[in-house]
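Residue strings, one per chain:
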Amino acid sequence: MVRFEDKEDSKEKYKRNEEEKRSLILTDIFLKTFTKKLENKKRELILRGNDLFKRKGCRLADKDVEVVCAWLMEHPEVTALDLSYNRITDAGMFTLVSFLGETDQLSRLNIMCNDIGWQGAQKLAELEDKLTLRSLRINGNKIGSEGGKYLALLLGCNSSLQHLDVGETDQTASGLSYLTTALRSDRGGNGTLQLLDLSRPLPSNNMHQMEGSHLAESIGLIADKNSIKHTTMRVLLFQIIASGIPLPPQPVLARWGTWLDAVNYYADHYGKIMEVIDALDSTDSSAVAAVKSLPSEQLLEDILFIDSNFKIVSKSIILLESSKLQLSEALNIVYKVSQTVIQNNNSLISEKVKCKLRNVIAKNSAYSQLRIINDVPSGHDKTSEVGVLKRSDFPFFKYAPITSCDVERTFSQYKNCLSDHRRRFTLQSLKILKELHLQKFNFNDSDMELMMMGLLHNRSLLLLDLTCNNLGSDAAALLAEYLRTKPQLRALLLGHNNIRDLGAT
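Residues numbered from 1 in each chain as written. Predicted model: local features only at pLDDT ≥ 70, side-chain atom pairs only at ≥ 80, totals over all residues. Heavy atoms only, no water.

> What exactly am I supposed to notice about the overall build of the protein chain here?
A count of helical and extended segments in the protein chain gives 21 helices and 12 strands. Of all 505 residues assigned to the protein chain, the portion counted as buried reaches 42%. For the protein chain, contacts bridging at least 24 residues in sequence account for 79% of all contacts bridging at least 6. Surface exposure of the protein chain reaches about 28,400 Å², of which carbon and sulfur atoms provide 53%. (Helix = DSSP H or I, 4+ residues; strand = E, 2+ residues; numbered from the N terminus. Buried < 20%, exposed > 50% of the residue type's maximum accessible area, 1.4 Å probe, protein only. Contact = heavy atoms within 4.5 Å. Areas by Shrake-Rupley, 256 points an atom, 1.4 Å probe, with all protein chains shown as cover.)

> I would appreciate a short explanation of the pattern of salt bridges in the present structure.
Two side chains with opposite charge may pair up if their charged atoms get near one another. On inspection of all chains with the given rule, the structure shows 13 salt bridges. Between R48 and D82 there is a salt bridge whose closest N-O contact spans 3.0 Å. Of this pair, R48 sits in the loop between strand 2 (43-46) and helix 3 (49-56) while D82 sits in strand 3 (residues 78-82), and the two are 34 residues apart along the sequence. Judged by relative accessible area, which is 34%, R48 ranks as partly exposed. The network of salt bridges with shared partners includes R48, D51 and D82. (Salt bridge = Lys/Arg side-chain N within 4 Å of Asp/Glu carboxyl O.)

> Teacher, can you tell me more about the side chain of S84 here?
Tracing the backbone shows S84 in the loop between strand 3 and helix 5 (90-102). Side chain to side chain, S84 and D82 meet in a polar contact 2.8 Å long. If sequence neighbours within four positions are ignored, S84 has contacts with L47, R48, G49, N110, M112 and N114. (Polar contact = N/O pair within 3.5 Å; in protein donor to acceptor, adjacent residues only side chain to side chain.)

> Help me out: how do you make sense of the packing of helix 14 (residues 296-321) against helix 15 (residues 327-343) in this one?
Between two packed helices, both the angle of their axes relative to each other and the distance between the axes serve to describe the pair. Running from N to C, helix 14 and helix 15 cross one another at 170°; their axes reach a closest spacing of 10 Å. In terms of their interaxial angle, helix 14 and helix 15 are classed as roughly antiparallel. Every residue of helix 15 that contacts helix 14 at N309, I312, V313, S316, L319 and L320 is listed here: A330, I333, V334, V337 and T340. Residue composition of the contact of helix 14 with helix 15, by class: eight nonpolar, three polar and no charged. (Axes fitted to C-alpha atoms, helices over the stretch in contact; angles between N-to-C directions. Parallel < 35°, antiparallel > 145°, perpendicular 65-115°, else oblique. Nonpolar A, V, L, I, M, F, W, Y, C, P; charged D, E, K, R; others polar.)

> Even after reading the chapter, I still don't get the pairing of strand 3, so can you show me in this structure?
When a strand is regular, its side chains alternate between the sheet's two faces. Burial runs high along strand 3: five of the five residues are buried. Pairing between strand 2 and strand 3: four bridges, direction parallel. Pairing of L45 across the sheet is with L81, part of strand 3. Bridging between strand 3 and strand 4 (residues 108-110) involves three bridges; their strand directions are parallel. Bridging from a neighbouring strand, A80 pairs with R108 of strand 4. (Pairing = 2+ DSSP bridges.)

> Looking at this model, I keep getting lost on the nonpolar core. Mind explaining?
The nonpolar side chains of soluble globular proteins are, as a tendency, buried together. In terms of nonpolar packing, the biggest core is built from 73 residues, with L45 and L124 touching the most fellow members. Among the elements that take part in this core, helix 7 (residues 144-157) stands out by supplying six residues, more than any other. For L124, the residues in contact, after removing those within four places along its chain, are M93, V97, L100, L131, L136, L151 and L154. Core analysis: the next-biggest nonpolar cluster, separate from the first, contains nine residues, L327, V334, Y367 and L370 among them. (Core = buried A, V, L, I, M, F, W, Y, C linked by side-chain atoms within 4.5 Å.)

> For this particular structure, what's the right way to read helix 20 (residues 473-484)?
Along an α-helix, residues three or four positions apart point the same way, because every turn accommodates 3.6 residues. With 12 residues, helix 20 extends 17 Å from end C-alpha to end C-alpha; this agrees with the ideal 16 Å at 1.5 Å per step. When helix 20 is considered as a whole, its buried residues turn out to be A475, A476, L479 and Y482. Burial along helix 20 is one-sided: seen end-on, the buried residues are contained in an arc of 115°. Opposite the packed face of helix 20, turned more than 90 degrees from it, sit the exposed residues D474 and R484. Looking one or two places after helix 20, you find K486, whose phi comes out positive at around 55°. (Expected span 1.5 Å × (residues − 1). Arc of directions from axis to C-beta.)

> I keep staring at the environment of D90 and nothing clicks. Help me out?
In this fold, D90 is placed in helix 5. The exposure class assigned to D90 is buried, which follows from its relative accessible area of 15%. Distance in space between the C-alpha atoms of D90 and I116 is 5.0 Å, their sequence separation being 26 residues. With sequence-adjacent residues up to four places away left out, D90 is seen in contact with D115, I116, G117, Q119 and G120. A polar atom in the side chain of D90 sits 3.0 Å from the backbone nitrogen of G120.

Distances and angles like these do not, on their own, reveal function.
Written as structure tokens, this is what we have:
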């Protein structure tokens, strides 16, 4: 029988042997033998864990990364590094990120299939535009949706990455949403990425069915020519810190209700909004600096006062804007708002609101006429004429609007119909990407139809990988129509789909 102490001794001996083997591997001569010549007298250091294990019976660990980085500093001709299939964790990633922040030596980094988690991705995102890599392969590391968020932040402020592989990193719908948002042209997304691999996300049960059509539309909107905007980074930062809270509303200057809605929003989410503001850099924008300079206590008091006393105003405006509202209902809404405002306390803000309300009603002479017309059928008023209108005309005013919303709504519809710049929510993009890998996304024929609307406008994509989806004959027909337009596409991968004989013909 083997004693427990003997088992412990054998484990320690195995660990010492591993250490001795690694010390032999990471000598200068050995590392040079693992370099590969590239063009322009550059070299690539290839330390794949599978090859090391076959030769020396071990793989690289976190502390080995320090030795590799020190060796790279002494060999500036090495511009590419392959550390795939090793046992590097977040700790080793921290060391690697420190090296990347100190030098722009590396242009390609392959760290696929290690043990890096979301904290490693977070550390990498802190480099922002200091990261000069053109190619990054982080696939096979279980960074999850949290890591996907930080990679999205990196894409939002980095202008050097051209190749990014995040396949098989346990991405959920949330993580994929952040990544596609960072690349969408209509959000001012990244404009340098040419190859993107999002293949093999988590199964549909963990993806909450992932809404394939929504994802297909988002993918079609990514990677336009637009330059990177700081707005994208702020949006992603907001979504990370204030997860689950909608983005702040954007008030319209001439619509009072939208400003009150904004106040209501900030009253409900004040704590989280301040966390986001504190995380922003004051030197990045004068607007951020101005917000940070506001006295927080006074600001909170003003927001809560407006929210508690005038919330009814914005809600009433929305009701008055609805169509097919009876005149009596509309006038009753205005009456309730007037009574609420009048009964408010006598603060300076309340007095200004009361004065404004009186002036608006006084200047609108037709409002008093509508009140008379409304009171006549109910018997509260015996007036037989109002201006040029006779009593027999009053019933026709049952649905008379007291606002101009219906007229403005009609003008807006006519303008959209006749405009030369009509906009549609279609897939208009893919103007930069040359390769797009979308394996195991559960796309079906309907999703392909959505994506096709964007592909028809594309002039850059050379490879499209749709392997392992649920595409059928209808999708094949759509792709055939697309290929008849003679696009730049040179490779189309459709293996392991449901395309039968009909689709193949």
